[in-house]
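Residue-level listing of the chains:
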Amino acid sequence: MASDTNTKNTEKKSALCPWGTCEPKLPAGFVPRQLWPEYLPEHDIDLFLRPQPVGKVLGAMRWGRWPVYFEQYMGDTEPDPNNTERNPHAPSRIVRWIRFDRTDIPPGWKQWSKTPYQMEGFVDISGRDDFVPHWSRSIRTAYRHWQKLEQSGDWRIAPIDYKTFAAAYKKSSVAKRTLGASLHSTAQKLERGSPDMQLWGVIHKDKVVASMSVLNSPTHHSSYYTAGFILPEAEEVPAMVGLMHHWHQASAAAGITHLHFGLFWHKGQSSAWKGFSAFKRKFGLTYVAYQPALYRLVRHN
């Protein structure tokens, strides 16, 4: 009986973490990007919805349009939405609390789903002089191919500005699938003049044919993959593998220890996520799954 129970628990965990083993708690050194002072999660929300931070709590934000408003908090400390500054335009709002390790449901909160709120992958590169041996065999092979392309002088990776990045991004299939969501977030952060945002392009025949952007957190020695794309001209070469290696190399040189690969597909989400999740998993990642979100309705008289 005990053996059957353990098997069921293992199967359930595998279903929730299809790409590998999810850590039971947030690992040491891993700080969710929404809690970085450099990140500002309100920049992920369309300006039409009037996103704004809530007080001085990292990761807390509010957005919406009458009559529907939302508020979000992150962390294992229960938030008190009644104790925040009131917005005259948002007398009532739906509050979402995203927990990391905490599993209990305090009074007044409701859990609408049993699936993880989200799953993320990261890699700890501290102490590594060479990253490639930690990658899958297919990615190692692809990287050797990329090295030959670079050595030929016909392909190279270089920093690019936002105007160049955006122009190429809009031609990509990624822009069509995401309706430019990643580009919007990148633009918002760059408009702040953030020195922590970096954009690199794969250049072939003086044209950007692939690119990626990352946001660094000197505070937490971390870096987050924010957006990337490949144009048809680079689909037959491992351009994204080259960019990934460049990210690892530049991060290590800057004293960064944790690379955040962002969200991963899990059961209940669109299958459109699966392809890129399958690609990212090949870089030797560790996975974390946040607890199901809790909700409550808050009314101010």
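The following refers to the structure shown. Since we're looking at a predicted model, the values are computed, not measured.

With respect to the packing of aromatic side chains
Tallied over the full model, the rule gives 20 aromatic pairs. A ring pair is formed by W63 and F70, whose centres lie 5.7 Å apart and whose planes are at 20°; its orientation type is stacked. Classification of F70 as partly exposed rests on a relative accessible area of 29%. Three or more aromatic residues link up through ring pairs in this structure, and these residues are W135, Y143, Y225, W247, F261, F276, F279 and F283. The lysine or arginine in question, R65, covers the ring of F48, its NZ or CZ lying 4.4 Å from the ring centre. When the ring centre of F264 is taken as reference, the NZ or CZ atom of K280 above it lies at 4.5 Å.

So, the nonpolar core
Grouped together as the largest cluster of nonpolar side chains are 40 residues, with contacts concentrated most on V202, W247 and F261. When residues of this core are traced back to their parent elements, those giving at least two are β7 (119-124), α2 (137-152), β8 (155-159), β9 (197-204), β10 (207-217), α6 (239-253) and β12 (258-264). Ranked by residue count, the leading element in this core is α6, at 6 residues. Other than its neighbours up to four places away in sequence, V202 contacts W146, W155, R156, I157, K207, V208, V209, A210, A239 and L243. One finds Y39, A168, Y224 and Y290 within the second-largest nonpolar core, a separate group that totals 26 residues.

Considerations on the sheet that holds strand β1 (residues 22-23)
Strand order in this open sheet of 8 strands is β1-β13-β7-β12-β11-β10-β9-β8, and the pairing throughout is mixed. The outermost strands of the open sheet, each flanked by one partner alone, are β1 and β8. In terms of strand pairing, strand β11 (residues 222-230) meets β12 through 3 bridges, oriented parallel. For Y224, the partnering residue across the bridge sits in β12 and is H260. Its contacts with the sheet place α2 against β8 and β9, and it is angled at close to 85° to β8. Seen against the sheet, helix α3 (residues 162-169) touches β9, β10 and β11 and runs at an angle of roughly 120° to β10.

About the cut-offs
Residues numbered from 1 in each chain as written. Predicted model: local features only at pLDDT ≥ 70, side-chain atom pairs only at ≥ 80, totals over all residues. Heavy atoms only, no water. Phe/Tyr/Trp six-rings, centres within 6.5 Å; stacked < 30°, edge-to-face > 60°. Buried < 20%, exposed > 50% of the residue type's maximum accessible area, 1.4 Å probe, protein only. Lys NZ or Arg CZ within 6 Å of the ring centre and 35° of its normal. Core = buried A, V, L, I, M, F, W, Y, C linked by side-chain atoms within 4.5 Å. Helix = DSSP H or I, 4+ residues; strand = E, 2+ residues; numbered from the N terminus. Contact = heavy atoms within 4.5 Å. Pairing = 2+ DSSP bridges. Axes fitted to C-alpha atoms, helices over the stretch in contact; angles between N-to-C directions.

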